[in-house]
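Geometric and topological summary
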Amino acid sequence: MKDIRALKKEELQDFFLSHGEKAFRANQVYEWLWTKGAHSFDQMTNLSKETRQLLAEHFVINHIKVDTMQRSEDGTIKNAVRLHDGLYVESVLIPTDTRITACVSSQVGCSLNCSFCATARLKRMRNLSPDEIFDQVLTIDQQSRLYYGRPLRNIVFMGMGEPLMNYPNVIKAIERITSEKEGLGFSPKRITVSTSGVSKLIRKMADDKVKFKLAVSLHSAIEETRNKIMPWTVNFPLAELRQALQYWYQQTKSRITYEYVVWKGINDAPKDVDALVAFCRFAPCKVNLIEYNPIDDGLFEQADEKALLLYKRKLEEAGITTTIRYSRGKDIDAACGQLANKQ
């Protein structure tokens, strides 16, 4: 049967009218689905038993299920999320003193082949639907209220998968998450979509005048190094990426965030720092230097602290806001690059 959440409100109104019901029932059902997060028709208590039975005879609600939940010593929560077809993804709740952040997935596995990322070693099995993305956010908001007594504040699309390779569904999910009347009413300014640098889709986002923030997993501003650690980027060279990001800023006036991991012997030399500084000059940006989280193969090793400090000093001397981010949830494999879907 069809998932009822795939229906537009007008289609749901037509369904009710064709079965002798009032069209306004669609508004009630939509509120249950998108504001209250109902998992079943029986939860829709302002509908008659007969109406709920009618819905159950024609539709399903393929809501995600948290199969296992792990809690880190630092308070991070990782969810193994089971989908309706038995596949799994992972999502993460990241708490700090000032905010709760949800890190959500957009694909089962990943479309790309970045050699330092555990998720990239999984075959991409399928894209997540807008509903499955929405459910991750709703679930983490509920966990945030339950375990921390406060609502979710930020959302980052930095979980499993490359969000821009599932662009239509990611956009539909964000529209639902941010809808004041038929969603969670979440501010788009508190949502960040992270890409490894799919240039043509960065341009599309700019043309679509999206309101959320953009982060780019760059990791090297030297073509040869970037292609080595992220082989797929051979088809998306740095010059093309830079042009797309320039276009993004021209269209949106939104500052770009670069996510950047520094590895020993790979991108920790002064020439790597200088290349990044030069790459960052063309548009307002900030740089997050991220601690590397090992994935058990020994091919990559966290750079020495002095390399991170050299990056930070030179970037800040160039007027670029820079933060060194230390990972959360490493003890439960919930940190950046570690989501490997071990289910």
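Residues numbered from 1 in each chain as written. Predicted model: local features only at pLDDT ≥ 70, side-chain atom pairs only at ≥ 80, totals over all residues. Heavy atoms only, no water.

In the nomenclature of an unreviewed UniProt entry, the protein corresponds to Probable dual-specificity RNA methyltransferase RlmN from the organism Capnocytophaga granulosa. In its Subcellular location (unreviewed entry) section, UniProt records this for the protein: "Cytoplasm". (UniProt positions renumbered as here; feature names shortened; annotations may be inferred.)

Quick notes on the UniProt feature "binding site: S-adenosyl-L-methionine" (unreviewed entry) in the protein
The sites that carry the UniProt feature "binding site: S-adenosyl-L-methionine" (unreviewed entry) are, in the present numbering, Gly161, Glu162, Ser194, Ser217, Leu218, His219 and Asn293. Summarising the element assignment, Ser217 is placed in strand E11 (residues 213-217). Looking at where Asn293 falls in the secondary structure, it is placed in the loop between strand E13 (285-290) and helix H10 (305-317). With relative accessibility at 2%, the residue Asn293 sits in the buried group. (Helix = DSSP H or I, 4+ residues; strand = E, 2+ residues; numbered from the N terminus. Buried < 20%, exposed > 50% of the residue type's maximum accessible area, 1.4 Å probe, protein only.)

Structural notes on the pattern of salt bridges
If the charged atoms of two oppositely charged side chains come close together, the side chains can form a pair. Applying the stated criterion across every chain yields a total of 17 salt bridges. Put simply, Asp67 and Arg82 hold a salt bridge, and the shortest N to O gap is 3.6 Å. Taken together, the positions of Asp67 in strand E3 (residues 65-71) and Arg82 in strand E4 (residues 77-82) put the pair 15 residues apart, joining distant regions of the chain. Exposure remark for Arg82: the relative accessible area of 33% places this residue in the partly exposed category. With a closest N to O distance of 4.0 Å, Arg226 and Glu223 form a salt bridge. One end of the pair, Arg226, and the other, Glu223, are both in helix H7 (residues 223-229), three residues apart, so they sit about a helical turn from each other. (Salt bridge = Lys/Arg side-chain N within 4 Å of Asp/Glu carboxyl O.)

A closer look at the pairing of E4
Counted residue by residue, E4 has five buried out of six residues, so it is predominantly covered. Examined bridge by bridge, E3 and E4 share six bridges and lie antiparallel to one another. Counterpart to Gln70 in the pairing with E4 is Lys78. Here E3 folds back onto E4 in antiparallel fashion, the turn holding five residues, of which Gly75 has a positive phi close to 95°. As judged from the six bridges shared by E4 and strand E5 (residues 88-95), these two strands associate in the antiparallel manner. Counted as the bridge partner of Ile77 is Leu93 from E5. (Pairing = 2+ DSSP bridges.)

Here we look at the side chain of Asp3
One can find Asp3 in strand E1 (residues 2-3). Only 2.9 Å separates the side chain of Asp3 from the backbone nitrogen of Arg5, close enough to count as a polar contact. A polar side-chain atom of Asp3 sits 3.2 Å from the main-chain amide nitrogen of Asn62. The residues touching Asp3, leaving out its near neighbours within four places in the chain, are Val60, Ile61, Asn62 and Asp131. (Polar contact = N/O pair within 3.5 Å; in protein donor to acceptor, adjacent residues only side chain to side chain. Contact = heavy atoms within 4.5 Å.)

Re a nonpolar patch on the surface
Judged by side-chain polarity, Val66, Met69, Leu146 and Tyr147 come together as a nonpolar surface patch covering roughly 350 Å² of accessible area. Elements supplying a minimum of two residues to the nonpolar patch: E3 and helix H4 (130-148). Mapped onto the elements, Met69 comes out in strand E3. (Patch = residues over 30% accessible without salt bridge, like charges linked within 9 Å, V, L, I, M, F, W, Y side chains within 5 Å. Areas by Shrake-Rupley, 256 points an atom, 1.4 Å probe, with all protein chains shown as cover.)

Things to note about the domain arrangement of the protein
By the assigned domains, the protein splits into domain 1 (2-60) and domain 2 (65-332). Centre-to-centre separation of domain 1 and domain 2, based on C-alpha positions: 35 Å. At the interface, nine residues of domain 1 touch nine residues of domain 2. Both sides of the domain 1 and domain 2 interface together cover about 780 Å² of buried area, and 44% of this is carbon and sulfur. On the domain 1 side of the contact with domain 2, Arg5, Trp34 and Thr35 bury the most area, a combined 65% of that side's loss. The tally of links from domain 1 across to domain 2 stands at two salt bridges. The element best represented in the side of domain 1 that touches domain 2 is helix H2 (residues 25-34), accounting for three residues. Each residue belonging to the side of domain 1 that touches domain 2 can be placed in one class, and the counts come to four nonpolar, two polar and three charged. (Domains from an automatic or database assignment. Buried area = accessible area lost by both parts, 1.4 Å probe. Nonpolar A, V, L, I, M, F, W, Y, C, P; charged D, E, K, R; others polar.)

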